[in-house]
Amino acid sequence: MQFIDLKRQYGDMKTRMDQAVLAVLEHGQYILGPEVRALESKLSDWSDNAHVAGVANGTDALVLALKALGIGPGDAVITTSFSFFASAESIALVGARPVFADIEPGSYNLCAQSLDDAVKSFRASHPAINLKAVIAVDLFGQPANYAAISKVANEHELRILADGAQSFGATQGGVPVGALGDIATTSFFPAKPLGCYGDGGAVFSKDEALINTVRSLRVHGKGSNKYDNVAIGTNSRLDTIQAAILLVKLDAFAEEIKQRNAVADRYAVALGERFHVPGVAADSASTWAQYCLRAKDSDREQHLGALKSAGVPSAVYYRVPLHLQPALADLGYRAGQFPVSEKMSQEIFSVPMHPYLDEELQQKVIDALLG
Ligand SMILES: *Cc1c(COP(=O)(O)O)cnc(C)c1O
């Protein structure tokens, strides 16, 4: 059994996929070729007509979005203490200081109340540092609570960067990921809901000026002329071949999201009594990047062992909350400061989740868990 069955997906798309990749080899526009533009236009359709720039990966997407917002040395950015490392790493990479807040237990996403408390206490204790923005992460495929987070962000004059690395295709209040927040990012790492066959990412915004800045930064801060450099940028373009692959995958994506939701519904019905199953807000839809469980009555290692014996792959996202990562020890955070993140990191584990998980295979997962 596969944790995420990418080979099965390729099998279903093989003819069109092979043709799309070969077409790029034939036309030879390997850097920012026509497929990149075509993909950006399709991604815009998916994100309520946001402006879109394809970039090299989801980490660069965060870095370039932060730079477009004007964040750098002397600034701070607040984010969740429970995410993939890149959510905080990107802040340090632009020379700013990461600040953390705790999460909600049901959605695993940034808690607006904790955000409010953390902003107030950071500003009181660090008056010389300019706390300018919040990175909200749509963890495991569900959008963060942008209505509540926007209220707090507006009160404290913070820009909102939505890290949608795991949530492209999801919605909140009818608004798609990409159009939530002042600027948003995603990742096309192969294991994400919309993944390519290597690294890729994108930045989205309704504000065209922000995306024009990202378009410049991804090509060494170029001006209107290629050899006219107006900013210190980097080399971070989405490969033409990866864009071609994503265009094929995007054709199947709406159907795949439906299938992911069917898998999630079956897990919730079968496991809801013995496990805390993920809660999705009434106004939101998830793309189920991961299906996470916490046992109500027994410990995680016991379940991981039972899954392993049954030949079912599993994973733990995330064993160490961000504020306790060794690389960020200089920030001075201690265990006990974000109790929800810390508790979740000790209890949470993920089971196979992908659009091609049929009922028979899924029953094997369920049987192993209910033992
Ligand atoms: C995967 C991920 C990233 C980074 O994306 P890459 O394409 O791997 O660089 C950033 N944030 C979150 C929440 C992620 O899950």
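Just so it is clear, the model here is predicted, and its values are computed rather than measured.

Cut-offs and rules
Residues numbered from 1 in each chain as written. Predicted model: local features only at pLDDT ≥ 70, side-chain atom pairs only at ≥ 80, totals over all residues. Heavy atoms only, no water. Near = heavy atom within 4 Å. Polar contact = N/O pair within 3.5 Å; in protein donor to acceptor, adjacent residues only side chain to side chain. 1 Å grid on protein atoms, 1.4 Å probe; cavity = no way out; pocket = protein on both sides within 12 Å on 5 of 7 lines; lining within 4 Å. Sits in = over half its atoms within 2 Å of the grid points. Helix = DSSP H or I, 4+ residues; strand = E, 2+ residues; numbered from the N terminus. Nonpolar A, V, L, I, M, F, W, Y, C, P; charged D, E, K, R; others polar. Contact = heavy atoms within 4.5 Å. Phe/Tyr/Trp six-rings, centres within 6.5 Å; stacked < 30°, edge-to-face > 60°. Lys NZ or Arg CZ within 6 Å of the ring centre and 35° of its normal. Expected span 1.5 Å × (residues − 1). Buried < 20%, exposed > 50% of the residue type's maximum accessible area, 1.4 Å probe, protein only. Arc of directions from axis to C-beta. Pairing = 2+ DSSP bridges. Axes fitted to C-alpha atoms, helices over the stretch in contact; angles between N-to-C directions. Points joined across faces, edges and corners; volume = space filled by probe spheres on them.

Before going further, it helps to spend a moment on the site of the ligand. Taken together, 15 residues lie around the ligand, and Gly58, Thr59, Gln166, Ser187 and Lys192 are the ones closest in. Interatomic distance of 2.8 Å between a side-chain N/O atom of aspartate 163 and a nitrogen atom of the ligand. Contacts to the ligand include lysine 192, whose side-chain N or O atom sits 2.7 Å from an oxygen atom. Judged by the proximity of its atoms to the pocket grid, the ligand belongs to the largest pocket. Looking at the shell around the ligand, the elements that each hand over two or more residues are helix H3 (58-68) and helix H4 (86-93). Residue composition of the shell around the ligand, grouped by class: five nonpolar, eight polar and two charged.

With that settled, the discussion passes to unusual backbone geometry. A cis amide bond, omega 10°, links tyrosine 317 with the succeeding residue tyrosine 318. Tracing the sequence through the fold places tyrosine 318 in the loop between helix H9 (300-309) and helix H10 (339-347). Although it is not a glycine, phenylalanine 140 sits at a positive phi angle of roughly 65°. With respect to the secondary-structure elements, phenylalanine 140 resides in the loop between strand S4 (130-137) and helix H6 (146-155). Despite not being glycine, tryptophan 288 has its phi angle at roughly 55°, a positive value.

Take serine 167: it is sitting in the loop between strand S5 (159-163) and strand S6 (171-172). Placed 28 residues apart in sequence, serine 167 and leucine 139 show a C-alpha to C-alpha distance of 7.3 Å. In contact with serine 167, other than residues within four places in its own chain, are Asp138, Gly141, Val177 and Thr287.

Turning to the packing of aromatic side chains, a few remarks are in order. In the structure shown here, the tally under the stated rule is 16 aromatic pairs. With a centroid separation of 6.0 Å and 40° between ring planes, the pair formed by tryptophan 46 and phenylalanine 168 is classed as tilted. Taken together, the residues span a long stretch of sequence, with tryptophan 46 in helix H2 (residues 34-46) and phenylalanine 168 in the loop between S5 and S6 at a distance of 122 residues. Put simply, the rings of Phe82, Tyr108, Phe140, Tyr317 and Tyr318 touch in pairs and so form one group of aromatic residues. Lysine 192 extends its terminal NZ or CZ atom over the ring of phenylalanine 84, reaching a point 5.7 Å from the ring centre.

What follows covers helix H11 (residues 359-370). Compared with an ideal rise of 1.5 Å per residue, which puts twelve residues at 16 Å, H11 spans 16 Å between its outermost C-alpha atoms and is within 8% of the ideal. Within H11 the residues assigned to the buried category are Gln362, Val365, Ile366, Ala368 and Leu369. End-on view of H11: buried residues confined to an arc of 160°, all on one side of the axis. Where the residues of H11 are buried, they touch helix H8 (240-271), strand S10 (275-276), strand S12 (291-295), H9 and strand S13 (349-351).

Turning our attention to the sheet that holds S13. One open sheet accounts for three strands, arranged S10-S12-S13; its pairing is antiparallel. The sheet is open, and its two edges are formed by S10 and S13, each paired on a single side. Pairing between S12 and S13: three bridges, direction antiparallel. Among the inter-strand pairings, leucine 293 is bridged to a residue of S13, identified as phenylalanine 349. Set on the sheet, H8 makes contact with S10, S12 and S13; between it and S12 the angle comes to about 10°. Sitting on the sheet, H11 is in contact with S10, S12 and S13, with an inclination near 145° to S13.

If you add up the space inside the largest pocket, you get close to 460 Å³. Lining of the largest pocket is provided by 24 residues; of these, Phe84, Gln166, Ser187, Phe189 and Lys192 occupy positions nearest its centre. Elements with a contribution of two residues or more to the lining of the largest pocket: H3 and H4. Among the elements that make up the lining of the largest pocket, the one with the highest residue count is H3 (three residues). Put simply, the second largest pocket is a space of about 250 Å³. When contributions to the lining of the second largest pocket are tallied by element, the ones reaching two or more residues are strand S3 (97-101) and helix H5 (112-125). The element that contributes the greatest number of residues to the lining of the second largest pocket is H5, accounting for six residues. Here the lining of the second largest pocket is composed, by residue class, of eight nonpolar, six polar and two charged.

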